[in-house]
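Commentary on secondary and tertiary structure
Now for the letters of each chain:
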Amino acid sequence: DTGVSQDPRHKITKRGQNVTFRCDPISEHNRLYWYRQTLGQGPEFLTYFQNEAQLEKSRLLSDRFSAERPKGSFSTLEIQRTEQGDSAMYLCASSRGWGDHYNSPLHFGNGTRLTVT
Amino acid sequence: DAKTTQPNSMESNEEEPVHLPCNHSTISGTDYIHWYRQLPSQGPEYVIHGLTSNVNNRMASLAIAEDRKSSTLILHRATLRDAAVYYCILRGSQGNLIFGKGTKLSVKP
């Protein structure tokens, strides 16, 4: 178990630019989640995948945000035309997603910290 | 997902037990109670979960009230490394976790 890996760890970008983050889940996990966390708040759910299918999207995920998981392995989260309000920690998590998935813990990466100037 | 209520912060002394409470009066019959914690500058980490019976693992114990409207996470001997934000979450059929603000635990040496 090498853990969930996120890249980059930090990203500074200017307002209006596009950014893309990558998440590599634990290899045998077929569920992958994206969360966003701002200072002093708990993580906010954005979206999740079961294999390559995107099963749920939060209303927080505006049309500037798009997530993909093309082969059911790694995932990317892209933010277009970034705004200062997008500054946050973006967290990725994975879990087993078959059978009794209530009981499958989510394993989180250490996140990508985005700063929009 | 049903909501939980936790104190904003708690303090503990090192090597003493810590009881972190959580209220979840609107819990449904199929909701599991999950606890995660988040250390500074890290992603959340799974601690423990349960449905009806009390649960123990190497990290903590989870005591669930008989009516399931509240639960308590028990750290038997707090260490400085246990200083973190602890989240109590009800996990339903969707499988995703909806976090609240959690309880910030401070541990004094």
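Our subject in this report is the structure included herewith. (Residues numbered from 1 in each chain as written. Chains lettered and ligands numbered in written order. Predicted model: local features only at pLDDT ≥ 70, side-chain atom pairs only at ≥ 80, totals over all residues. Heavy atoms only, no water.)

Overview of the sheet that holds strand β6 (residues 61-64) of chain B
All names here are of chain B. The four strands lie next to each other as β2-β7-β6-β5, forming an open sheet whose pairing is antiparallel. The two strands at the open ends of the sheet, each matched to only one other strand, are β2 (18-23) and β5 (55-56). As paired elements, β6 and strand β7 (residues 70-75) share four bridges and run antiparallel to each other. Across the sheet, the residue bridging to Ile64 is Ser71, located in β7. (Pairing = 2+ DSSP bridges. Helix = DSSP H or I, 4+ residues; strand = E, 2+ residues; numbered from the N terminus.)

Things to note about unusual backbone geometry
All names here are of chain A. Look at the link from Asp7 to Pro8: it is a cis peptide, with omega at -5°. Tracing the backbone through its elements, the reader meets Pro8 in the loop between β1 (5-7) and β2 (10-13). A positive phi angle, close to 55°, is found at Asn51, a residue other than glycine. Owing to a relative accessible area of 31%, Asn51 belongs among the partly exposed residues under this scheme. (Buried < 20%, exposed > 50% of the residue type's maximum accessible area, 1.4 Å probe, protein only.)

With respect to the side chain of A:Ser58
All names here are of chain A. Relative to the helices and strands, Ser58 resides in the loop between β6 (53-57) and β7 (65-68). Polar contacts involving the side chain of Ser58 include one to the main-chain amide nitrogen of Leu60, which spans 2.9 Å. If near-sequence neighbours (up to four positions away) are discounted, Ser58 is found in contact with Phe45 and Leu46. (Polar contact = N/O pair within 3.5 Å; in protein donor to acceptor, adjacent residues only side chain to side chain. Contact = heavy atoms within 4.5 Å.)

Side note on the nonpolar core
Among the nonpolar cores identified, the biggest contains 21 residues, and B:Leu20, B:Ile33, B:Trp35, B:Leu73, B:Leu75, B:Tyr86 and B:Leu105 are the most heavily contacted of them. Of all elements in the fold, only β2, β3 (32-38), β4 (45-50), β6, β7, β8 (84-91) and β9 (103-108) of chain B reach the threshold of two or more residues within this core. With four residues, the top contributor of residues to this core is β8(B). Not counting the four nearest positions on each side in its chain, B:Leu73 is found in contact with B:Val18, B:His19, B:Leu20, B:Trp35, B:Val47, B:Ile48, B:Ala60, B:Ser61 and B:Tyr86. Counting 19 residues, the second largest nonpolar core, distinct from the first, contains A:Phe49, A:Phe65, A:Ile79 and A:Leu114. (Core = buried A, V, L, I, M, F, W, Y, C linked by side-chain atoms within 4.5 Å.)

Considerations on the pattern of salt bridges
Pairing is possible between side chains that carry opposite charge, provided their charged atoms lie close to one another. For the structure on display, the rule yields nine salt bridges over all chains. With a shortest N-O distance of 2.8 Å, A:Asp24 and A:Arg22 are connected by a salt bridge. Of the charged contacts in the structure, one is a salt bridge between B:Glu11 and B:Lys108, with a shortest N-O distance of 3.4 Å. Taken together, the residues span a long stretch of sequence, with B:Glu11 in strand β1 (residues 9-13) and B:Lys108 in strand β9 at a distance of 97 residues. Since its relative accessible area comes to 38%, B:Lys108 is described here as partly exposed. Several salt bridges converge on common partners, so that one network encompasses A:Arg64, A:Glu83 and A:Asp86. (Salt bridge = Lys/Arg side-chain N within 4 Å of Asp/Glu carboxyl O.)

Focus: the layout of surface pockets
In this structure, the largest pocket encloses a volume near 600 Å³. Residue assignment for the lining of the largest pocket shows that the elements contributing at least two residues are β9 (88-95) of chain A together with β8 and β9 of chain B. When grouped by side-chain class, the residues that make up the lining of the largest pocket number eleven nonpolar, 14 polar and four charged. (1 Å grid on protein atoms, 1.4 Å probe; cavity = no way out; pocket = protein on both sides within 12 Å on 5 of 7 lines; lining within 4 Å. Points joined across faces, edges and corners; volume = space filled by probe spheres on them. Nonpolar A, V, L, I, M, F, W, Y, C, P; charged D, E, K, R; others polar.)

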